[in-house]
Amino acid sequence: MVPHLKTALTGPLQDLEKRFLDNSTTIEQWFRAQWREHVPPFYGSVDLRNSGYKLAPVDTNLFPGGFNNLNADFLPLCVQAAQSAIERICPNAASILLIPENHTRNMFYLQNVARLASILGHTGLRVRIGSLLPEITEPTPIELPNGDSLLLEPLVRRGKRLGVEGADPCAILLNNDLSAGVPEILKGLEGQWVIPPLHAGWATRRKSQHFAAYDFVAGKFADMLGIDPWLINPYFATCGEINFHERTGEECLASQVDGLLTRIRKKYAEYGVDEKPFVIVKADAGTYGMGVMTVHDAADVVGLNRRQRNKMSVIKEGLQVSEVIIQEGVSTVETVSGGVAEPVVYMIDHYVVGGFYRVNSDRGRDENLNAPGMHFEPLAFQSPCSMPDCKQPPDSPPNRFYAYGVIGRLALLAASVEIEQTAPAQVQEAGATA
């Protein structure tokens, strides 16, 4: 199903979808050229917002944790895409080590791990799951609510290689975003591909770096297609050296919020958008929807109360927030069963392999839906994001999903550029001589 839209798409977004549809051949050729220049991440997911006048990414995850939410009919796409990625990275691979997050009680996440292991297994790889948890000292089976099961095994370091007992894999696939830092056991490995690379984890990655890369990529795409890049690109700014508990950095934050709101108002006036602009202030690193607030006025970030400061000061793994990104807020006009919805597009290699809707009945259309305690109702896309139908209207299911796939792939391309630009010097030198 396609989410119900509160307002008919008769404005700029339907024009944008039609532009994608009319130029799908050119768009696909453009993407092929880009992927000849840039190596795609092994996988990724992109949160999108459809406002009725704008379709843009608001977050890109390089360690996606919702493969269990994808339409099961699309699993062959996942397997084929994973096969393509593995053949490019390690063509002689016979086994792979999957390292998940340190969740042993989150059954939804563990079902994602099981689905991911199944996808990898169907490519012809022997898959072992190695845990970073210190309490996993022996093979530990976990039964899942859907009938699947996992076997978590303790990691074994042998010199400069990592595996589990009886396995010395060619590649190590991280499904752990390294928010708590890079564990010593993962450092200094040689002769094994670690994917995504360690510097793609939240220990060093910054959202602002990603959206700077997206700004570059979206600009090139918009020039090629002859559109205003703002229609697919959220404005953003940053503020470093902030301490919410000590109230330091508030002036910087207020100034950046005010400047961004002013830029958004000008665009709203240009396109006749009759809405109050807003921005999202969030930690520049980290995930799980932590450290996020919606702001409509610069005064809102000055003199935050204790509850607000506590909310903004800590993210996953209890890490303190010292840098924030201020991102243009993109409201959503999509709803499912009365709840506000946003699409999430999943990709493996440079292929779209499906997606689902994140739905939150307790949040507004201008709020972050990936919030602790939210009611999560995944709805798998019924058609893939790579098959537009020129005979149907731009906002019909296959064409709506194609538009999602285009923006998702732009964000994935930006992630590729981001990873290249932020790679440590020794990694760049190795790539140059490969």
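Residues numbered from 1 in each chain as written. Predicted model: local features only at pLDDT ≥ 70, side-chain atom pairs only at ≥ 80, totals over all residues. Heavy atoms only, no water.

*Asks:* I'd like a rundown of the state of the cysteines, residues and numbers included.
*Replies:* For the structure on display, the rule yields two disulfides. The disulfide that involves Cys239 links it to Cys252, with 2.3 Å between the sulfurs. Pair noted here: Cys239 is in strand β12 (residues 236-239) and Cys252 is in helix α6 (residues 250-271), with a separation of 13 residues, a long-range link. By sequence order of its bonded cysteines, the protein chain has the disulfide arrangement 1-2, 3-4. (Disulfide = S-S within 2.5 Å. Helix = DSSP H or I, 4+ residues; strand = E, 2+ residues; numbered from the N terminus.)

*Asks:* Describe in detail the sheet that holds β12, supporting the description with residues and values.
*Replies:* Pairing is antiparallel across the open sheet formed by four strands, whose spatial order is β12-β15-β13-β14. Strand pairing shows two members of the sheet lacking a second neighbour, β12 and β14 (292-295), which therefore form its edges. For this sheet, the mean angle separating the axes of adjacent strands, direction not counted, is 20°. Relative to strand β15 (residues 324-328), β12 runs antiparallel, the two sharing four bridges. Within the sheet, the bridge partner assigned to Phe236 lies in β15 and is Gln327. This element, α6, spans β12, β13 (279-283), β14 and β15 of the sheet and lies at about 15° to β15. (Pairing = 2+ DSSP bridges. Axes fitted to C-alpha atoms, helices over the stretch in contact; angles between N-to-C directions. Contact = heavy atoms within 4.5 Å.)

*Asks:* Any chance you could break down the packing of aromatic side chains for me, citing the residues and the numbers?
*Replies:* Across all of its chains, the model carries 15 aromatic pairs by this definition. Relative to Phe221, the ring of Trp30 lies with its centre 5.3 Å away and its plane at 70°, an arrangement referred to as edge-to-face. Within this pair, whereas Trp30 is found in helix α2 (residues 24-37), its partner Phe221 is found in helix α5 (residues 207-225), the two being separated by 191 residues in sequence. Measuring from centroid to centroid gives 6.3 Å for Phe31 and Phe221, while their planes differ by 35°, and the two rings are tilted. Of this pair, Phe31 sits in helix α2 while Phe221 is found in helix α5, placing the two residues 190 residues apart along the sequence. For the residue pair Phe31 and Phe221, the accessibility class agrees, reading buried in each case. Ring pairs connect the aromatic residues Phe42, Tyr43, Phe67, Tyr346 and Phe356, which therefore count as one cluster. (Phe/Tyr/Trp six-rings, centres within 6.5 Å; stacked < 30°, edge-to-face > 60°. Buried < 20%, exposed > 50% of the residue type's maximum accessible area, 1.4 Å probe, protein only.)

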